[in-house]
Amino acid sequence: VVHSLASAAYRRLKENHYYAVVHKSHPLAMQQEIEAAALESYPFVVLDEQRSPHANRFLHAIGAKYQFQPNIVATALKANDAVMIAKQLNALTVMTDYVFQTLPSEFRKVKILGSGIVSWTVYAWHNDSSKPFIETIRQLG
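Caption draft 1: How the structure looks around the nonpolar core. In terms of nonpolar packing, the biggest core is built from 19 residues, with Leu-39, Phe-44, Ile-62, Leu-92, Val-94 and Ile-112 touching the most fellow members. Going through the elements one at a time, β2 (18-23), β4 (43-47), α1 (53-65) and β7 (107-113) are the ones with two or more residues in this core. The element that contributes the greatest number of residues to this core is α1, accounting for four residues. The contact partners of Leu-39, leaving out residues within four places of it in the chain, are Ile-34, Phe-44, Ile-62, Phe-68, Leu-92 and Ile-112. Counting eight residues, the second-largest nonpolar core is a separate cluster that includes Tyr-19, Val-21, Met-95 and Phe-107.

Written out as C-alpha cells, the structure is:
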C-alpha cells in the first residue's frame, strides 16, 4: 500500500514469509515446508481481521488461488491466543517469522510454498517530513 501513496516514501527492509504454525504434537510439526494447495485439508485458527489483516488476506488468497474455502474454526485477538486455541483444536494458524519469534518454544513453523504472495516489512515516511534514523535503517536494507 505504501508505494501507492504519493506523499510517502519507503524502503523495503525484508521480505516476509508466511508460515503454518502448529504445536509440536501436530503431525505437521516435523515438516520444514508444506505446499500451499495442501492447506485445504486443515482447520485454521485466524487472528482477528482488524488486528492482523495481512495474515487473513494471505490465507484467503491461497484459498482463492487453489479454489478452496479455508476451514476457519476459531478467531483469536493475539498470536499467543491463536496458537493455544490451535493446539486445543489440533489446527494451524498462519503468521510471519517475526510474530512466530514471540511464541513459546512448544510451537513449530512450517514454511508455506507456492502461494505466490509476497509481502515486505518496510520503513516509510512522509516525503515532506524529516527522516529520523533513515541512515541507520538504510544500513539494515
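Caption draft 2: Layout of the sheet that holds strand β6 (residues 93-96). With mixed pairing, four strands are arranged side by side in an open sheet as β3-β7-β2-β6. Whereas interior strands pair on both sides, the edge strands pair on one side only; in this sheet they are β3 (33-35) and β6. Between one strand axis and the next, the sheet turns by 40 degrees as a mean value, whatever way the strands run. In this structure, β2 lies alongside β6, joined through four bridges in antiparallel fashion. Bridge pairing links Val-21 to Thr-93 in β6. Helix α2 (residues 79-89) contacts β2, β6 and β7 of the sheet and is inclined by roughly 145 degrees relative to β6.

Caption draft 3: Quick peek at unusual backbone geometry. For Gln-67, which is not a glycine, the phi torsion comes out positive at approximately 60 degrees. Along the chain, the position of Gln-67 falls in the loop between α1 and β5 (71-76). Overall, Gln-67 belongs to the exposed group, its relative accessible area being 72%. In this model, Asn-90 sits at a positive phi of 55 degrees, which is unusual for a non-glycine residue.

Rules and cut-offs
Residues numbered from 1 in each chain as written. Predicted model: local features only at pLDDT ≥ 70, side-chain atom pairs only at ≥ 80, totals over all residues. Heavy atoms only, no water. Core = buried A, V, L, I, M, F, W, Y, C linked by side-chain atoms within 4.5 Å. Buried < 20%, exposed > 50% of the residue type's maximum accessible area, 1.4 Å probe, protein only. Helix = DSSP H or I, 4+ residues; strand = E, 2+ residues; numbered from the N terminus. Contact = heavy atoms within 4.5 Å. Pairing = 2+ DSSP bridges. Axes fitted to C-alpha atoms, helices over the stretch in contact; angles between N-to-C directions.

Read these as spatial facts, not as claims about activity.
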